[in-house]
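What follows is each chain in one-letter form.
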Amino acid sequence: MKVIVSDTTSLIALEGLQALDLLCAVFDSILIPHAVLNELVAGSPDIIHKIKAIACIEIIRLEPSEQLSSLQFVLDAGEAEAITLALERQLPILIDERKGRAIAQQKRLIVTGFAGLLLLAIRKNVLQPVSAQALFDQAIRNGFRMSDKLYQQVLVAYRVG
């Protein structure tokens, strides 16, 4: 995956870890819809400067569409725009919320989340497994949520890397 569309949650987790630059080490380009940027800024006004300083991130403004409108009925604005952008450009998506992931998968998008991003970093030799697990554990301490069962699956995947 060289280009990916990102929703908000993984970006928040990476900002909390001061690791937004990890995105550029894993992907050539990260497309962020304007609604995702708005969600990020609402939670952390200073993030806009960090995002704009990262060369591999591109902010995209979507035009209204039937696809976008239908997704906005069931998802928040950021998720709806991220899925719409991924569909329009036939790109994979970085999304963590269960409902958004399910809809993206129904629409046959390649879906990964924060844990998968760290696994990709291991596979690309950007992170060692122990470093990925440390980042993952810190993200959870910072408020990133996941079930215990999924957490155990992630730890096994990191060891296999």
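Everything here concerns the structure above.
Residues numbered from 1 in each chain as written. Predicted model: local features only at pLDDT ≥ 70, side-chain atom pairs only at ≥ 80, totals over all residues. Heavy atoms only, no water.

Caption draft 1: Broad picture of the packing of helix α3 (residues 34–43) against helix α6 (residues 77–89). Contact geometry for α3 and α6: axes closest at 7 Å, N-to-C directions at 150°. In terms of axis orientation, α3 runs roughly antiparallel to α6. Seen along the crossing, α3 lies across α6 with a hand that is left-handed. Listed contacts from α6 to H34, A35, V36 and E39 of α3 are A77, G78, E81 and A82. Here the contact of α3 with α6 is composed, by residue class, of 4 nonpolar, 2 polar and 2 charged. (Axes fitted to C-alpha atoms, helices over the stretch in contact; angles between N-to-C directions. Helix = DSSP H or I, 4+ residues; strand = E, 2+ residues; numbered from the N terminus. Parallel < 35°, antiparallel > 145°, perpendicular 65-115°, else oblique. Left-handed = near helix turned anticlockwise from the far one by under 90°. Contact = heavy atoms within 4.5 Å. Nonpolar A, V, L, I, M, F, W, Y, C, P; charged D, E, K, R; others polar.)

Caption draft 2: Spatial organisation of the pairing of strand β2 (residues 29–33). Of all 5 residues in β2, 5 are buried; the element is thus mostly enclosed. Both faces of β2 are covered, namely the face carrying S29, L31 and P33 and the face carrying I30 and I32. Direction of pairing for β2 relative to strand β3 (residues 57–60): parallel, over a ladder of 4 bridges. Within the sheet, the bridge partner assigned to I32 lies in β3 and is I59. (Buried < 20%, exposed > 50% of the residue type's maximum accessible area, 1.4 Å probe, protein only. Pairing = 2+ DSSP bridges.)

Caption draft 3: Spatial organisation of the pattern of salt bridges. Throughout the structure, instances matching the rule amount to 1 salt bridge. Across the pair K50 and E15 runs a salt bridge, and its minimum N-O distance is 3.3 Å. Placement of the pair is K50 in helix α4 (residues 47–53) and E15 in helix α1 (residues 8–16), with a sequence separation of 35 residues. E15 gets classed as buried once you look at its relative accessible area, which sits at 15%. (Salt bridge = Lys/Arg side-chain N within 4 Å of Asp/Glu carboxyl O.)

Caption draft 4: Just the environment of T8, in detail. When you line up the elements, T8 lands in helix α1. Residues T8 and T84, spaced 76 residues apart in sequence, show a C-alpha to C-alpha distance of 14 Å. Here T8 is in contact with V36, E39 and L40, once residues within four sequence places are set aside.

Caption draft 5: Molecular detail of the sheet that holds strand β1 (residues 3–6). Read across the open sheet, the 5 strands follow the order β3-β2-β1-β4-β5; overall the sheet is parallel. Among the strands making up the open sheet, the edge pair consists of β3 and β5 (111–112).

Caption draft 6: Spatial organisation of the layout of surface pockets. Considered as a void within the structure, the largest pocket measures approximately 780 Å³ in volume. For the largest pocket, the lining is made up of 28 residues, of which D96, E97, F144, R145 and M146 are closest to its centre. At the level of secondary structure, the elements contributing two or more residues to the lining of the largest pocket comprise α1, α7 (98–106), α8 (114–123) and α10 (148–160). Of the residues belonging to the lining of the largest pocket, the class tally is 13 nonpolar, 9 polar and 6 charged. (1 Å grid on protein atoms, 1.4 Å probe; cavity = no way out; pocket = protein on both sides within 12 Å on 5 of 7 lines; lining within 4 Å. Points joined across faces, edges and corners; volume = space filled by probe spheres on them.)

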